[in-house]
Each structure stands twice: as structure tokens, then as C-alpha cells.
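# Observations on chain architecture
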Amino acid sequence: QVQLVESGGGLVQPGGSLRLSCVASGSIFSVNDMGWFRQAPGKQREWVATVGPGGTPKYLASVQGRFTTSRNGTKIAYMKMSSLKPEDTAVYYCSAAVEQTESAGFYDYWGQGTQVTVSS
């Protein structure tokens, strides 16, 4: 089994900052990309950012320059969110492409989500 656990969400005023964490655990041989997605009320889940094990992070255009994602080793990812706007309000999910045993292939796993609310 593979588990992803996000943390760090909360209520913040516009212009504020939060840092989300995502920790992968369980039966893991290797982790490839780790990504962040979000889902606002009444909207579809959208991709926000991705960071590979050693590659350049990629970002949704609307968060470029405000969000920074990074890795700490192979099983932990962070996303620092700055200059937050009310439209950033959503449940944020972490995903990871995980290979449980050598040459088994990579499969996507998801965390349970953490709420981020930007409001004055």
C-alpha cells in the first residue's frame, strides 16, 4: 500500500502565505513526479504544479511566480504559496507517480486533500 498525506492548509488573508507538505509512505521502490492539484467548489479538479525527482518544476500559468514546489528527498514534496488570492481557495491534493517494486511500472496515487481558504 502507498499513502500520501498532505498538511499545511488553513485560512489565510489575501496576500498571505502557506506551505503545503506531502509525504509518501508505504511500499515504495521509487517515486517519479509529484504533483499538486486543486478543486474549488463547483469546479473541476485542475493541475497546479509538478516537480520531478531532479527536474525543473512546472506551474499553472495563474500561479507562476507565486507558488514554488520543491522536493526533499524522494518521498516529500512542498509547495510554498505566496501572494494568495481568494480565487486560490480550494482543496489541494498531492499526487505521486510511484513504483512499488523494481520494474513494476509507475502508478498514480493521491492524498486526501487539504483545505486552503483565502479570505479576509
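One structure accompanies this document, and this report is about it. Because the structure is a prediction, the values reported are computed rather than measured.

### Brief notes about the sheet that holds strand E1 (residues 2-7)
- Reading across the sheet, the four strands line up as E1-E3-E8-E7 and stay open at both edges, with antiparallel pairing between neighbours. On the outer flanks of this sheet lie E1 and strand E7 (67-72), each paired with one strand and no other. Recorded for the sheet is a direction-independent mean angle of 15° between the axes of neighbouring strands.

### Digging into unusual backbone geometry
- Within the chain, Ser-83 stands out as a residue other than glycine whose phi angle is a positive 50°.
- Among the structural elements, Ser-83 can be located in the loop between strand E8 (76-81) and strand E9 (90-99).
- The backbone of Ser-103 sits at a positive phi, close to 65°, despite the residue not being glycine.
- Considering the arrangement of structural elements, one finds Ser-103 in the loop between E9 and strand E10 (107-110).

Definitions and limits used
Residues numbered from 1 in each chain as written. Predicted model: local features only at pLDDT ≥ 70, side-chain atom pairs only at ≥ 80, totals over all residues. Heavy atoms only, no water. Pairing = 2+ DSSP bridges. Helix = DSSP H or I, 4+ residues; strand = E, 2+ residues; numbered from the N terminus. Axes fitted to C-alpha atoms, helices over the stretch in contact; angles between N-to-C directions.

Such coordinate-based values are descriptive only and should not be taken to indicate function.
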